[in-house]
Amino acid sequence: EARLQSVLAQSAMEQDLEALPLKLETEVGERGVTLSGGQQQRLALARALYSAPALLLLDDPLSAVDARTQRTLLSSLTSYVTTLDEASGTKRAALVAINQLHLVSSFDRVIEIGDGKILRDCPATEYLKTTGLSADGEGQQTVDDVADSVEARIPSPTLSNGGAAHDKKGPG
């Protein structure tokens, strides 16, 4: 029960569950159709965190949530990868695909990919500097000028250099 409550807090799902008629027992329908996009993403994150994998792979978990919730989820992910797994004592890592370039500074590395090749692999701070973006996503270039898609990894002791990717072709 304590672990479940912790995961619900980490995924910012506590208030949403309180609003559901049967709380945790509420049926959300096929593919979560009764939930908003942000609720679906946070529920998927809660399930992933509850399973406590050594490597957490997340595809754009921050796209349908507000800025405050983004900060909560980023903090939770950072906490997740900087603590050892209690049962095994092993380190954990997260590979997170994001589309919001203003969040790049929250991660340790960026790998830019184009035409199926790695074009750039550098620390996020260097990426921001060389693209003309500032840590808040503003700068000489717009987000659309730089990219349609960014994959980034939160700092983790599991992988020595981490990884993030950016595909100039964009999604699809």
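Residues numbered from 1 in each chain as written. Predicted model: local features only at pLDDT ≥ 70, side-chain atom pairs only at ≥ 80, totals over all residues. Heavy atoms only, no water.

**Considerations on the overall build of the protein**
And then number 1: Along its length, the protein carries six helices and six strands.
And then number 2: Within the protein, buried positions represent 41% of all 172 residues.
And then number 3: Carbon and sulfur atoms provide 51% of the accessible area of the protein, an area that totals close to 9,700 Å². (Helix = DSSP H or I, 4+ residues; strand = E, 2+ residues; numbered from the N terminus. Buried < 20%, exposed > 50% of the residue type's maximum accessible area, 1.4 Å probe, protein only. Areas by Shrake-Rupley, 256 points an atom, 1.4 Å probe, with all protein chains shown as cover.)

**Some words on the packing of helix 1 (residues 2–10) against helix 3 (residues 37–51)**
And then number 1: Contact pair helix 1 / helix 3: the axes reach a minimum separation of 9 Å and the direction vectors enclose 140°. Considered as vectors, helix 1 and helix 3 are oriented oblique to each other. Between helix 1 and helix 3 the crossing geometry is right-handed. For the pair formed by helix 1 and helix 3, the contact residues are Arg 3, Leu 4, Val 7 and Gln 10 on the first element and Ala 46, Leu 49, Tyr 50 and Ser 51 on the second. (Axes fitted to C-alpha atoms, helices over the stretch in contact; angles between N-to-C directions. Parallel < 35°, antiparallel > 145°, perpendicular 65-115°, else oblique. Left-handed = near helix turned anticlockwise from the far one by under 90°. Contact = heavy atoms within 4.5 Å.)

**Thoughts on the nonpolar core**
And then number 1: By size, the foremost hydrophobic cluster in this structure holds 19 residues, and its most contacted members are Leu 56 and Val 96.
And then number 2: Those elements that place two or more of their residues in this core are helix 3, strand 1 (55–59), helix 4 (67–81) and strand 2 (93–98).
And then number 3: When residues in this core are grouped by element, the largest group, five residues, is from helix 4.
And then number 4: Judged by nonpolar contacts, the second largest core, of eight residues, contains Val 110, Cys 122, Ala 124 and Tyr 127. (Core = buried A, V, L, I, M, F, W, Y, C linked by side-chain atoms within 4.5 Å.)

**Re a nonpolar patch on the surface**
And then number 1: Nonpolar side chains collect at one region of the surface, where Leu 55, Leu 57 and Leu 95 lie side by side and expose about 270 Å² of accessible area between them.
And then number 2: In this fold, Leu 55 is placed in strand 1. (Patch = residues over 30% accessible without salt bridge, like charges linked within 9 Å, V, L, I, M, F, W, Y side chains within 5 Å. Salt bridge = Lys/Arg side-chain N within 4 Å of Asp/Glu carboxyl O.)

**Here's the deal with the pairing of strand 2**
And then number 1: Burial analysis of strand 2 places five of its six residues in the buried class, the great majority of the element.
And then number 2: Where strand 1 lies against strand 2, five bridges are found, and the strand directions are parallel. Paired with Leu 58 across the two strands is Val 96, which belongs to strand 2.
And then number 3: This β-α-β element, strand 1 to helix 4 to strand 2, shows right-handed connectivity. (Pairing = 2+ DSSP bridges. Right-handed = clockwise from strand over helix to strand, strands pointing away.)

**Re the pattern of salt bridges**
Side chains carrying opposite charge are able to pair once their charged atoms draw close together.
And then number 1: What the rule picks out here adds up to two salt bridges.
And then number 2: Asp 16 serves as the salt-bridge partner of Arg 42, at 2.6 Å between the closest nitrogen and oxygen. On the criterion of sequence distance, the pair formed by Arg 42 in helix 3 and Asp 16 in helix 2 (residues 14–19) is long-range, its members being 26 residues apart. Asp 16 matches Arg 42 in its accessibility class, with the two residues each being buried.

**Remarks on the environment of Arg 68**
And then number 1: Mapped onto the fold, Arg 68 is located in helix 4.
And then number 2: According to the relative accessible area criterion, Arg 68 is exposed, its value standing at 54%.
And then number 3: The sequence separation of Arg 68 and Ala 12 amounts to 56 residues, and the corresponding C-alpha distance is 10.0 Å.

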